[in-house]
Amino acid sequence: MKIAIIGSGYVGLVSGVCLAHIGHQVICVDNNPEKIKKLKKGELPIYEPGLLELMHECVKKKRLSFSGSVKDASAKAEVIFLAVPTPSKPNGDADLTFIENVAREIAQSMDSYKLIVEKSTVPAETGKKIRRTIQLNLPRKFKQGHKILLDFDVASNPEFLKEGSAVHDFMNPDRVVLGVESARAEKLLREIYKPLKTKILVTNTASAEMIKHASNSFLATKISFINAVAQMCDRVGADVIKVAEGMGLDKRIGRQFLDAGIGYGGSCFPKDVEAFIHLSDKSGYNFSLLKEVRKINDHQRLAFVKMIEEKLWNIKDKTIGVWGIAFKPNTDDIRNAAALEIIHLLQAEGAKIKAYDPKAADHARKALKGVAIAQDPYEAAEDCDCLLLLTEWPEFREVNFVQVRDAMRQAVIFDGRNFLDGDQLKECGFDYYGIGRGRS
Ligand code: UDX
(Lines give C-alpha, C1' and ligand atoms only; values in the text may rest on other atoms or scores of the structure.)
Protein backbone atom coordinates (compact mmCIF):
# COMPACT_ATOMS: atom_id res chain seq x y z
CA MET A 1 0.00 0.00 0.00
CA LYS A 2 1.28 3.51 -0.81
CA ILE A 3 1.06 5.67 2.29
CA ALA A 4 1.92 9.29 3.12
CA ILE A 5 2.30 10.42 6.72
CA ILE A 6 1.94 14.16 7.22
CA GLY A 7 3.81 15.28 10.33
CA SER A 8 7.02 13.57 11.41
CA GLY A 9 6.83 13.96 15.18
CA TYR A 10 6.68 11.06 17.64
CA VAL A 11 3.44 9.59 16.33
CA GLY A 12 4.09 10.30 12.65
CA LEU A 13 7.62 8.99 12.55
CA VAL A 14 6.97 5.88 14.58
CA SER A 15 3.84 5.07 12.54
CA GLY A 16 5.66 5.74 9.27
CA VAL A 17 8.67 3.61 10.11
CA CYS A 18 6.56 0.76 11.49
CA LEU A 19 4.14 0.79 8.52
CA ALA A 20 7.16 0.58 6.20
CA HIS A 21 8.56 -2.22 8.34
CA ILE A 22 5.40 -4.29 7.91
CA GLY A 23 5.65 -3.98 4.14
CA HIS A 24 4.10 -0.70 2.97
CA GLN A 25 5.61 2.03 0.82
CA VAL A 26 5.77 5.11 3.06
CA ILE A 27 6.66 8.78 2.62
CA CYS A 28 7.03 10.79 5.83
CA VAL A 29 6.42 14.51 5.41
CA ASP A 30 7.27 17.46 7.61
CA ASN A 31 7.18 21.22 7.05
CA ASN A 32 10.39 21.69 9.04
CA PRO A 33 13.20 21.51 6.45
CA GLU A 34 15.83 20.87 9.16
CA LYS A 35 13.95 17.78 10.29
CA ILE A 36 13.67 16.42 6.75
CA LYS A 37 17.37 17.12 6.12
CA LYS A 38 18.27 15.18 9.26
CA LEU A 39 15.97 12.26 8.39
CA LYS A 40 17.40 12.06 4.86
CA LYS A 41 20.88 11.86 6.39
CA GLY A 42 19.68 8.88 8.43
CA GLU A 43 19.43 10.76 11.73
CA LEU A 44 16.43 10.92 14.06
CA PRO A 45 15.17 14.26 15.42
CA ILE A 46 13.88 12.43 18.56
CA TYR A 47 15.14 9.73 20.87
CA GLU A 48 13.00 6.59 20.80
CA PRO A 49 14.43 3.13 21.56
CA GLY A 50 14.71 0.87 18.49
CA LEU A 51 13.43 3.45 16.01
CA LEU A 52 16.75 4.40 14.41
CA GLU A 53 17.70 0.82 13.50
CA LEU A 54 14.25 0.16 12.06
CA MET A 55 14.34 3.39 10.06
CA HIS A 56 17.73 2.50 8.52
CA GLU A 57 16.44 -0.95 7.62
CA CYS A 58 13.33 0.46 5.88
CA VAL A 59 15.29 3.11 3.98
CA LYS A 60 17.73 0.44 2.81
CA LYS A 61 14.84 -1.69 1.55
CA LYS A 62 13.55 1.42 -0.27
CA ARG A 63 10.22 1.32 1.55
CA LEU A 64 10.68 4.59 3.41
CA SER A 65 11.46 8.09 2.16
CA PHE A 66 11.12 11.66 3.43
CA SER A 67 9.74 14.81 1.85
CA GLY A 68 8.99 18.43 2.69
CA SER A 69 6.04 18.56 0.31
CA VAL A 70 2.49 17.54 1.27
CA LYS A 71 1.51 17.94 -2.36
CA ASP A 72 4.12 15.52 -3.77
CA ALA A 73 3.66 12.93 -1.05
CA SER A 74 -0.12 12.89 -1.21
CA ALA A 75 -0.05 12.68 -5.00
CA LYS A 76 1.97 9.47 -4.72
CA ALA A 77 -0.13 7.89 -1.94
CA GLU A 78 -3.59 6.38 -1.77
CA VAL A 79 -3.81 6.61 2.01
CA ILE A 80 -2.72 9.78 3.82
CA PHE A 81 -2.34 9.80 7.60
CA LEU A 82 -2.48 13.13 9.43
CA ALA A 83 -0.12 13.18 12.39
CA VAL A 84 0.41 16.91 12.80
CA PRO A 85 0.39 18.59 16.22
CA THR A 86 -2.90 19.62 17.81
CA PRO A 87 -1.65 21.94 20.59
CA SER A 88 -3.89 23.46 23.28
CA LYS A 89 -5.15 27.00 22.83
CA PRO A 90 -5.03 29.17 25.98
CA ASN A 91 -8.68 28.20 26.68
CA GLY A 92 -7.87 24.47 26.53
CA ASP A 93 -9.52 23.93 23.15
CA ALA A 94 -7.44 21.93 20.63
CA ASP A 95 -5.86 24.15 17.98
CA LEU A 96 -6.66 22.45 14.67
CA THR A 97 -5.04 24.98 12.35
CA PHE A 98 -2.39 22.49 11.21
CA ILE A 99 -5.02 19.87 10.41
CA GLU A 100 -7.06 22.36 8.39
CA ASN A 101 -4.03 23.63 6.46
CA VAL A 102 -2.89 20.13 5.56
CA ALA A 103 -6.43 19.07 4.54
CA ARG A 104 -6.61 22.11 2.26
CA GLU A 105 -3.25 21.36 0.69
CA ILE A 106 -4.17 17.72 0.08
CA ALA A 107 -7.48 18.75 -1.52
CA GLN A 108 -5.87 21.26 -3.86
CA SER A 109 -3.58 18.64 -5.35
CA MET A 110 -6.04 15.73 -5.40
CA ASP A 111 -6.69 14.01 -8.72
CA SER A 112 -7.67 10.48 -7.71
CA TYR A 113 -9.35 8.66 -4.79
CA LYS A 114 -7.66 9.32 -1.44
CA LEU A 115 -8.33 8.05 2.05
CA ILE A 116 -7.41 10.71 4.61
CA VAL A 117 -6.93 9.30 8.09
CA GLU A 118 -6.68 11.28 11.35
CA LYS A 119 -4.03 9.88 13.64
CA SER A 120 -3.52 12.97 15.78
CA THR A 121 -5.81 13.22 18.81
CA VAL A 122 -8.64 15.48 17.70
CA PRO A 123 -11.98 16.52 19.17
CA ALA A 124 -15.00 14.52 18.07
CA GLU A 125 -16.45 15.84 14.81
CA THR A 126 -13.06 16.83 13.34
CA GLY A 127 -13.56 14.14 10.70
CA LYS A 128 -16.63 16.00 9.43
CA LYS A 129 -14.69 19.27 9.32
CA ILE A 130 -11.85 17.70 7.36
CA ARG A 131 -14.37 16.32 4.87
CA ARG A 132 -15.90 19.76 4.41
CA THR A 133 -12.48 21.45 4.02
CA ILE A 134 -11.57 18.96 1.31
CA GLN A 135 -14.86 19.46 -0.52
CA LEU A 136 -14.41 23.22 -0.44
CA ASN A 137 -10.84 23.09 -1.74
CA LEU A 138 -11.01 20.44 -4.45
CA PRO A 139 -9.96 21.65 -7.91
CA ARG A 140 -12.84 23.17 -9.89
CA LYS A 141 -12.86 20.32 -12.42
CA PHE A 142 -14.13 17.95 -9.68
CA LYS A 143 -17.17 20.07 -8.84
CA GLN A 144 -20.45 20.40 -10.66
CA GLY A 145 -22.52 22.90 -8.71
CA HIS A 146 -22.71 21.33 -5.25
CA LYS A 147 -21.92 17.91 -6.61
CA ILE A 148 -18.46 16.48 -5.89
CA LEU A 149 -17.16 14.33 -8.73
CA LEU A 150 -14.09 12.91 -7.01
CA ASP A 151 -14.51 10.11 -4.49
CA PHE A 152 -12.56 10.35 -1.23
CA ASP A 153 -12.92 9.20 2.37
CA VAL A 154 -12.04 10.58 5.78
CA ALA A 155 -11.41 8.12 8.61
CA SER A 156 -10.15 8.15 12.17
CA ASN A 157 -7.47 5.74 13.36
CA PRO A 158 -6.29 6.97 16.77
CA GLU A 159 -2.84 5.99 17.91
CA PHE A 160 -2.29 4.62 21.41
CA LEU A 161 1.50 4.23 21.41
CA LYS A 162 3.47 5.40 24.43
CA GLU A 163 6.74 7.29 24.12
CA GLY A 164 9.70 5.22 25.23
CA SER A 165 8.10 1.98 24.03
CA ALA A 166 6.52 3.38 20.89
CA VAL A 167 7.88 0.86 18.38
CA HIS A 168 6.86 -2.09 20.51
CA ASP A 169 3.42 -0.54 21.16
CA PHE A 170 2.81 0.09 17.47
CA MET A 171 3.82 -3.42 16.47
CA ASN A 172 1.92 -5.08 19.34
CA PRO A 173 -1.19 -2.98 19.95
CA ASP A 174 -3.96 -4.08 22.32
CA ARG A 175 -6.35 -3.02 19.57
CA VAL A 176 -6.55 -1.06 16.34
CA VAL A 177 -9.51 1.31 16.18
CA LEU A 178 -10.91 2.19 12.77
CA GLY A 179 -13.50 4.95 12.50
CA VAL A 180 -14.86 4.78 8.97
CA GLU A 181 -17.82 5.97 6.93
CA SER A 182 -17.48 3.65 3.92
CA ALA A 183 -16.71 0.02 3.09
CA ARG A 184 -13.85 1.13 0.85
CA ALA A 185 -12.12 2.97 3.70
CA GLU A 186 -12.58 -0.01 6.01
CA LYS A 187 -11.12 -2.38 3.44
CA LEU A 188 -8.05 -0.21 2.88
CA LEU A 189 -7.35 0.23 6.57
CA ARG A 190 -7.88 -3.47 7.34
CA GLU A 191 -5.39 -4.24 4.59
CA ILE A 192 -2.83 -1.86 6.09
CA TYR A 193 -3.04 -3.42 9.56
CA LYS A 194 -3.40 -7.04 8.44
CA PRO A 195 0.25 -7.93 9.17
CA LEU A 196 -0.16 -6.90 12.83
CA LYS A 197 -2.64 -9.73 13.50
CA THR A 198 -4.41 -7.81 16.24
CA LYS A 199 -7.98 -7.13 17.35
CA ILE A 200 -9.54 -4.60 14.98
CA LEU A 201 -12.51 -2.60 16.17
CA VAL A 202 -14.54 -0.90 13.46
CA THR A 203 -16.92 1.96 14.20
CA ASN A 204 -17.84 5.38 12.84
CA THR A 205 -15.47 8.36 12.87
CA ALA A 206 -17.06 10.15 15.84
CA SER A 207 -16.91 7.03 18.03
CA ALA A 208 -13.27 6.38 17.12
CA GLU A 209 -12.40 9.97 18.06
CA MET A 210 -14.29 9.49 21.34
CA ILE A 211 -12.45 6.22 22.09
CA LYS A 212 -9.17 8.14 22.07
CA HIS A 213 -10.54 10.95 24.30
CA ALA A 214 -12.07 8.50 26.72
CA SER A 215 -9.06 6.15 26.90
CA ASN A 216 -6.48 8.83 27.67
CA SER A 217 -8.78 10.62 30.11
CA PHE A 218 -9.55 7.35 31.87
CA LEU A 219 -5.84 6.57 32.28
CA ALA A 220 -5.23 10.09 33.60
CA THR A 221 -8.14 9.53 36.02
CA LYS A 222 -6.54 6.30 37.22
CA ILE A 223 -3.30 8.16 37.97
CA SER A 224 -5.07 11.00 39.78
CA PHE A 225 -7.12 8.48 41.74
CA ILE A 226 -4.03 6.71 43.08
CA ASN A 227 -2.40 10.08 43.78
CA ALA A 228 -5.40 11.09 45.87
CA VAL A 229 -5.20 7.71 47.64
CA ALA A 230 -1.48 8.43 48.27
CA GLN A 231 -2.43 11.68 50.01
CA MET A 232 -4.71 9.65 52.26
CA CYS A 233 -2.03 7.02 52.86
CA ASP A 234 0.31 9.70 54.22
CA ARG A 235 -2.39 10.86 56.57
CA VAL A 236 -3.40 7.46 57.97
CA GLY A 237 -0.03 5.69 57.92
CA ALA A 238 -0.73 3.34 54.97
CA ASP A 239 1.69 2.50 52.16
CA VAL A 240 0.39 3.36 48.68
CA ILE A 241 2.66 0.79 47.01
CA LYS A 242 0.97 -2.03 48.90
CA VAL A 243 -2.44 -0.43 48.42
CA ALA A 244 -1.89 -0.26 44.62
CA GLU A 245 -0.69 -3.86 44.63
CA GLY A 246 -3.75 -4.97 46.57
CA MET A 247 -6.11 -3.04 44.31
CA GLY A 248 -4.34 -4.17 41.15
CA LEU A 249 -4.75 -7.84 41.96
CA ASP A 250 -8.45 -7.36 41.26
CA LYS A 251 -8.56 -8.09 37.54
CA ARG A 252 -11.33 -5.54 37.07
CA ILE A 253 -8.99 -2.82 38.31
CA GLY A 254 -5.53 -3.97 37.12
CA ARG A 255 -2.17 -2.79 38.48
CA GLN A 256 -1.12 -0.60 35.53
CA PHE A 257 -1.30 3.20 35.84
CA LEU A 258 -1.57 2.98 39.61
CA ASP A 259 1.88 4.41 40.33
CA ALA A 260 1.54 7.36 42.66
CA GLY A 261 4.02 10.19 42.26
CA ILE A 262 4.34 13.79 41.14
CA GLY A 263 1.56 13.43 38.58
CA TYR A 264 1.29 12.80 34.87
CA GLY A 265 3.00 14.97 32.26
CA GLY A 266 4.02 14.66 28.63
CA SER A 267 2.59 15.84 25.38
CA CYS A 268 -0.64 13.83 25.64
CA PHE A 269 -2.38 13.49 28.99
CA PRO A 270 -2.36 17.15 30.12
CA LYS A 271 -3.41 18.33 26.65
CA ASP A 272 -5.97 15.58 26.07
CA VAL A 273 -7.66 16.00 29.46
CA GLU A 274 -7.80 19.74 28.83
CA ALA A 275 -9.29 19.23 25.35
CA PHE A 276 -11.92 16.78 26.62
CA ILE A 277 -12.94 19.19 29.39
CA HIS A 278 -13.23 21.96 26.83
CA LEU A 279 -15.21 19.80 24.41
CA SER A 280 -17.61 18.81 27.20
CA ASP A 281 -18.10 22.40 28.36
CA LYS A 282 -18.69 23.50 24.78
CA SER A 283 -21.25 20.78 24.20
CA GLY A 284 -23.15 21.69 27.35
CA TYR A 285 -21.99 18.93 29.71
CA ASN A 286 -19.97 19.77 32.81
CA PHE A 287 -17.49 16.86 33.03
CA SER A 288 -16.59 17.81 36.61
CA LEU A 289 -14.79 14.51 37.27
CA LEU A 290 -12.12 15.45 34.73
CA LYS A 291 -11.74 18.93 36.23
CA GLU A 292 -10.94 17.23 39.53
CA VAL A 293 -8.48 14.87 37.79
CA ARG A 294 -6.59 17.91 36.52
CA LYS A 295 -6.72 19.60 39.93
CA ILE A 296 -5.36 16.53 41.74
CA ASN A 297 -2.54 16.32 39.21
CA ASP A 298 -1.56 19.97 39.80
CA HIS A 299 -1.77 19.43 43.55
CA GLN A 300 0.74 16.55 43.46
CA ARG A 301 3.52 18.91 42.36
CA LEU A 302 2.63 21.53 44.95
CA ALA A 303 2.36 18.93 47.71
CA PHE A 304 5.79 17.54 46.79
CA VAL A 305 7.38 20.99 47.01
CA LYS A 306 5.59 21.61 50.32
CA MET A 307 7.01 18.35 51.70
CA ILE A 308 10.52 19.46 50.66
CA GLU A 309 9.98 22.81 52.38
CA GLU A 310 8.79 21.11 55.53
CA LYS A 311 11.77 18.75 55.77
CA LEU A 312 14.47 21.08 54.51
CA TRP A 313 13.33 24.09 56.53
CA ASN A 314 14.51 27.11 54.51
CA ILE A 315 14.74 26.68 50.75
CA LYS A 316 16.49 29.96 50.00
CA ASP A 317 20.12 29.40 48.94
CA LYS A 318 19.90 25.64 49.43
CA THR A 319 21.42 23.56 46.65
CA ILE A 320 19.03 20.92 45.36
CA GLY A 321 20.10 18.07 43.11
CA VAL A 322 17.59 16.70 40.58
CA TRP A 323 17.71 13.25 39.05
CA GLY A 324 15.51 13.05 35.94
CA ILE A 325 13.88 15.83 33.91
CA ALA A 326 12.09 13.93 31.09
CA PHE A 327 8.34 13.44 31.68
CA LYS A 328 9.03 9.72 32.02
CA PRO A 329 11.97 7.36 31.45
CA ASN A 330 13.28 6.21 28.05
CA THR A 331 12.49 9.46 26.32
CA ASP A 332 14.20 12.82 25.85
CA ASP A 333 10.80 14.56 25.88
CA ILE A 334 10.35 17.22 28.54
CA ARG A 335 7.03 18.64 27.36
CA ASN A 336 4.82 19.27 30.42
CA ALA A 337 7.26 17.30 32.55
CA ALA A 338 6.48 17.47 36.27
CA ALA A 339 10.20 18.14 36.84
CA LEU A 340 10.02 21.50 35.06
CA GLU A 341 7.23 22.75 37.29
CA ILE A 342 8.89 21.50 40.47
CA ILE A 343 12.21 23.09 39.50
CA HIS A 344 10.48 26.42 38.76
CA LEU A 345 8.65 26.36 42.10
CA LEU A 346 11.88 25.69 43.99
CA GLN A 347 13.78 28.36 42.04
CA ALA A 348 11.05 30.83 42.93
CA GLU A 349 11.80 30.06 46.59
CA GLY A 350 15.48 30.84 46.00
CA ALA A 351 16.93 27.32 45.61
CA LYS A 352 19.95 26.59 43.42
CA ILE A 353 19.29 23.62 41.15
CA LYS A 354 21.70 21.08 39.68
CA ALA A 355 20.02 18.56 37.41
CA TYR A 356 20.93 15.40 35.53
CA ASP A 357 18.97 13.44 32.94
CA PRO A 358 20.40 10.62 30.80
CA LYS A 359 18.68 11.76 27.57
CA ALA A 360 16.91 15.08 28.11
CA ALA A 361 19.95 17.26 28.94
CA ASP A 362 19.94 19.15 25.62
CA HIS A 363 16.24 20.01 25.78
CA ALA A 364 16.58 20.89 29.48
CA ARG A 365 19.47 23.28 28.82
CA LYS A 366 17.21 25.25 26.47
CA ALA A 367 14.08 25.14 28.64
CA LEU A 368 15.53 25.75 32.09
CA LYS A 369 17.16 29.06 33.00
CA GLY A 370 19.70 29.17 35.81
CA VAL A 371 19.92 25.39 36.23
CA ALA A 372 23.35 23.72 36.17
CA ILE A 373 23.11 20.59 34.01
CA ALA A 374 25.29 17.81 35.43
CA GLN A 375 27.10 15.11 33.44
CA ASP A 376 26.14 12.25 35.75
CA PRO A 377 24.09 11.49 38.87
CA TYR A 378 27.10 11.96 41.17
CA GLU A 379 27.85 15.44 39.89
CA ALA A 380 24.17 16.39 40.37
CA ALA A 381 24.33 15.22 44.02
CA GLU A 382 27.63 16.88 44.92
CA ASP A 383 27.36 19.41 47.77
CA CYS A 384 23.57 19.26 47.68
CA ASP A 385 21.29 19.79 50.66
CA CYS A 386 18.89 17.25 49.23
CA LEU A 387 18.29 15.16 46.15
CA LEU A 388 15.01 14.81 44.22
CA LEU A 389 14.24 11.82 42.03
CA LEU A 390 11.76 13.13 39.45
CA THR A 391 12.01 10.59 36.58
CA GLU A 392 12.40 6.87 37.24
CA TRP A 393 15.31 6.12 34.89
CA PRO A 394 16.55 2.57 35.66
CA GLU A 395 20.16 3.79 36.02
CA PHE A 396 19.22 5.64 39.24
CA ARG A 397 18.84 2.26 40.95
CA GLU A 398 22.36 1.28 39.92
CA VAL A 399 24.29 4.19 41.44
CA ASN A 400 26.65 3.76 44.38
CA PHE A 401 24.64 5.36 47.17
CA VAL A 402 27.56 5.44 49.61
CA GLN A 403 29.40 7.63 47.11
CA VAL A 404 26.28 9.79 46.67
CA ARG A 405 25.79 10.13 50.44
CA ASP A 406 29.41 11.18 50.96
CA ALA A 407 29.23 13.71 48.13
CA MET A 408 26.12 15.44 49.53
CA ARG A 409 26.09 18.15 52.17
CA GLN A 410 23.01 16.53 53.76
CA ALA A 411 21.94 12.98 52.94
CA VAL A 412 18.27 13.65 52.18
CA ILE A 413 16.35 12.10 49.27
CA PHE A 414 12.83 12.93 48.09
CA ASP A 415 11.66 10.19 45.74
CA GLY A 416 8.90 11.65 43.54
CA ARG A 417 8.28 8.31 41.86
CA ASN A 418 8.57 5.83 44.75
CA PHE A 419 11.32 4.27 42.69
CA LEU A 420 14.22 3.75 45.07
CA ASP A 421 14.51 1.25 47.90
CA GLY A 422 13.67 3.47 50.87
CA ASP A 423 14.65 0.90 53.54
CA GLN A 424 18.05 0.35 51.96
CA LEU A 425 18.64 4.08 51.70
CA LYS A 426 17.65 4.64 55.33
CA GLU A 427 20.08 1.92 56.36
CA CYS A 428 22.76 3.69 54.31
CA GLY A 429 22.14 6.83 56.37
CA PHE A 430 19.76 8.80 54.17
CA ASP A 431 16.60 10.58 55.23
CA TYR A 432 14.25 9.11 52.60
CA TYR A 433 10.79 10.44 51.69
CA GLY A 434 8.49 8.94 49.07
CA ILE A 435 4.91 9.68 48.04
CA GLY A 436 2.09 8.17 50.08
CA ARG A 437 4.39 5.91 52.06
CA GLY A 438 2.69 6.66 55.37
CA ARG A 439 4.51 9.59 56.96
CA SER A 440 1.70 10.78 59.19
C1 UDX B 1 0.02 8.37 26.69
C2 UDX B 1 -0.89 7.14 26.53
O3 UDX B 1 -0.47 6.10 27.39
C4 UDX B 1 -0.89 6.68 25.07
O5 UDX B 1 -1.81 5.61 24.92
C6 UDX B 1 -1.28 7.85 24.17
O7 UDX B 1 -1.18 7.47 22.82
C8 UDX B 1 -0.40 9.05 24.42
O9 UDX B 1 -0.42 9.39 25.81
P10 UDX B 1 2.65 8.84 26.88
O11 UDX B 1 2.30 10.29 26.98
O12 UDX B 1 3.77 8.44 25.98
O13 UDX B 1 1.37 7.99 26.40
O14 UDX B 1 3.04 8.35 28.34
P15 UDX B 1 2.50 7.35 29.47
O16 UDX B 1 3.42 6.23 29.61
O17 UDX B 1 1.08 7.02 29.30
O18 UDX B 1 2.69 8.28 30.77
C19 UDX B 1 2.07 9.55 30.87
C20 UDX B 1 2.44 10.23 32.18
O21 UDX B 1 1.80 9.59 33.27
C22 UDX B 1 3.93 10.22 32.51
O23 UDX B 1 4.29 11.49 33.00
C24 UDX B 1 4.06 9.16 33.58
O25 UDX B 1 5.14 9.41 34.45
C26 UDX B 1 2.73 9.32 34.30
N27 UDX B 1 2.28 8.09 35.00
C28 UDX B 1 2.01 6.96 34.31
C29 UDX B 1 2.12 8.12 36.39
O30 UDX B 1 2.35 9.15 37.05
N31 UDX B 1 1.67 6.99 37.01
C32 UDX B 1 1.38 5.84 36.35
O33 UDX B 1 0.98 4.87 36.99
C34 UDX B 1 1.56 5.83 34.94
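Heads up: these notes are all about the structure in this document.

Topic: the overall build of the protein
Here's step 1: Counting secondary structure elements, the protein contains 17 helices and 16 strands.
Here's step 2: Against the 2.2 N^0.38 benchmark of 22 Å for 440 residues, the protein shows a C-alpha radius of gyration of 24 Å, consistent with a compact globule.
Here's step 3: By its C-alpha atoms, the protein is 80 × 50 × 40 Å across when sized along the principal axes.
Here's step 4: When burial is assessed residue by residue, the protein has 53% of its 440 residues classed as buried.
Here's step 5: In the protein, once contacts between residues fewer than 6 apart in sequence are set aside, the share between residues at least 24 apart is 71%.

Details of the side chain of Ser8
Here's step 1: Positionally, Ser8 belongs in the loop between strand 1 (2-6) and helix 1 (10-21).
Here's step 2: Side-chain polar atoms of Ser8 contact the backbone oxygen of Val29, separated by 3.0 Å.
Here's step 3: Not counting residues within four places of it along the chain, the set of residues in contact with Ser8 comprises Leu13, Cys28, Val29, Asp30, Lys35 and Leu39.

Describing the environment of Pro195
Here's step 1: Mapped onto the elements, Pro195 comes out in the loop between helix 8 (183-193) and strand 10 (200-203).
Here's step 2: Given a relative accessible area of 37%, Pro195 falls into the partly exposed group.
Here's step 3: Expressed as a C-alpha distance, the spacing of Pro195 and Arg335, which sit 140 residues apart in the sequence, is 33 Å.

A few points about the site of the ligand
Here's step 1: Taken together, 19 residues are adjacent to the ligand, and Phe160, Glu163, Asp259, Gly265 and Lys328 come closest.
Here's step 2: With respect to the ligand, the side chain of Lys328 contributes an N or O atom lying 2.8 Å from an oxygen atom.
Here's step 3: Within the side chain of Arg417, an N or O atom sits 3.2 Å from an oxygen atom of the ligand.
Here's step 4: Surface burial for the ligand is 92%, taken as the share of its 660 Å² of free accessible area covered by protein chains.

Observations regarding the environment of Gly429
Here's step 1: Tracing the backbone shows Gly429 in the loop between helix 17 (422-427) and strand 16 (431-433).
Here's step 2: For Gly429 and Ile262, which are 167 residues apart along the polypeptide, the C-alpha to C-alpha distance reads 24 Å.

Remarks on the nonpolar core
Buried together is how nonpolar side chains tend to be arranged in soluble globular proteins.
Here's step 1: Core analysis: the largest hydrophobic core is formed by 67 residues, its most contacted members being Phe304, Leu346, Leu388 and Phe401.
Here's step 2: With 6 residues, the top contributor of residues to this core is helix 13 (residues 338-348).
Here's step 3: Once residues within four sequence positions are removed from consideration, Leu388 is found in contact with Phe304, Ile308, Ile320, Gly321, Val322, Trp323, Ile342, Leu346 and Phe414.
Here's step 4: Counting 43 residues, the second-largest nonpolar core is a separate cluster that includes Ala20, Tyr113, Leu178 and Tyr193.

Thoughts on the packing of helix 9 (residues 205-236) against helix 12 (residues 288-312)
Here's step 1: Between helix 9 and helix 12, the shortest axis-to-axis distance is 9 Å and the interhelical angle comes to 50°. Relative to helix 12, helix 9 is oriented oblique. Regarding helix 9 and helix 12, the two cross each other, and that crossing is left-handed. On helix 12, the residues touching Ser217, Ala220, Thr221, Ser224, Asn227, Ala228 and Gln231 of helix 9 are Leu290, Val293, Ile296, Asn297, His299, Gln300 and Ala303.
Here's step 2: For the contact of helix 9 with helix 12, a count of residues per class yields 6 nonpolar, 8 polar and no charged.

A few points about the pattern of salt bridges
Here's step 1: Summed over the entire model, instances satisfying the criterion amount to 25 salt bridges.
Here's step 2: Measuring nitrogen to oxygen at the nearest pair gives 3.2 Å for the salt bridge that ties Arg301 to Glu341. On the criterion of sequence distance, the pair formed by Arg301 in helix 12 and Glu341 in helix 13 is long-range, its members being 40 residues apart.
Here's step 3: When its relative accessible area of 31% is taken as the criterion, Glu341 is described as partly exposed.

Some points on the pairing of strand 11 (residues 319-323)
Here's step 1: Counted residue by residue, strand 11 has 5 buried out of 5 residues, so it is predominantly covered.
Here's step 2: Residues Thr319, Gly321 and Trp323 of strand 11 are buried on one face, and the alternating residues Ile320 and Val322, pointing to the opposite face, are buried as well.
Here's step 3: Direction of pairing for strand 11 relative to strand 12 (residues 352-356): parallel, over a ladder of 5 bridges. Looking at strand 12, one finds that Val322 is bridged to Ala355.

Remarks on the packing of aromatic side chains
Here's step 1: Scanning the model with the defined rule gives 10 aromatic pairs in all.
Here's step 2: Ring centres 6.4 Å apart and planes at 40° place the aromatic pair Phe170 and Tyr193 in the tilted group. One end of the pair, Phe170, is in helix 7 (residues 166-171); the other, Tyr193, is in helix 8, with 23 residues separating them in the sequence.
Here's step 3: Look at Phe170 and you get buried, because its relative accessible area is 3%.
Here's step 4: Judged by relative accessible area, Tyr193 falls into the buried class, the value being 2%.
Here's step 5: Ring geometry for Trp323 and Phe396: centres 5.0 Å apart, planes at 15°, overall stacked. On the criterion of sequence distance, the pair formed by Trp323 in strand 11 and Phe396 in the loop between strand 14 (386-389) and helix 16 (401-407) is long-range, its members being 73 residues apart.
Here's step 6: Accessibility expressed as a relative area gives 1% for Trp323, which makes it buried.
Here's step 7: For Phe396, a relative accessible area of 0% gives the class buried.
Here's step 8: Counting every residue linked through ring pairs, the aromatic cluster contains Trp323, Tyr356, Phe396, Phe401 and Phe430.
Here's step 9: For the cation-ring pair, Lys359 lies above Tyr47, with the distance from its terminal atom to the ring centre recorded as 4.6 Å.
Here's step 10: In this arrangement the basic side chain of Arg397 is found over the ring face of Phe419, its NZ or CZ atom lying 3.8 Å from the centre.

Overview of the packing of helix 12 against helix 13
Here's step 1: Running from N to C, helix 12 and helix 13 cross one another at 45°; their axes reach a closest spacing of 10 Å. Between helix 12 and helix 13, the crossing angle belongs to the class labelled oblique. Crossing handedness for the pair helix 12 and helix 13: right-handed. Contacts between helix 12 and helix 13 involve Arg301, Leu302, Phe304, Val305 and Ile308 from the former and Ala338, Glu341, Ile342, Leu345 and Leu346 from the latter.
Here's step 2: Looking at the contact of helix 12 with helix 13, its residues break down into 8 nonpolar, no polar and 2 charged.

Thresholds applied
Residues numbered from 1 in each chain as written. Predicted model: local features only at pLDDT ≥ 70, side-chain atom pairs only at ≥ 80, totals over all residues. Heavy atoms only, no water. Helix = DSSP H or I, 4+ residues; strand = E, 2+ residues; numbered from the N terminus. Rg over C-alpha atoms; globule rule 2.2 N^0.38 Å. Buried < 20%, exposed > 50% of the residue type's maximum accessible area, 1.4 Å probe, protein only. Contact = heavy atoms within 4.5 Å. Polar contact = N/O pair within 3.5 Å; in protein donor to acceptor, adjacent residues only side chain to side chain. Near = heavy atom within 4 Å. Areas by Shrake-Rupley, 256 points an atom, 1.4 Å probe, with all protein chains shown as cover. Core = buried A, V, L, I, M, F, W, Y, C linked by side-chain atoms within 4.5 Å. Axes fitted to C-alpha atoms, helices over the stretch in contact; angles between N-to-C directions. Parallel < 35°, antiparallel > 145°, perpendicular 65-115°, else oblique. Left-handed = near helix turned anticlockwise from the far one by under 90°. Nonpolar A, V, L, I, M, F, W, Y, C, P; charged D, E, K, R; others polar. Salt bridge = Lys/Arg side-chain N within 4 Å of Asp/Glu carboxyl O. Pairing = 2+ DSSP bridges. Phe/Tyr/Trp six-rings, centres within 6.5 Å; stacked < 30°, edge-to-face > 60°. Lys NZ or Arg CZ within 6 Å of the ring centre and 35° of its normal.

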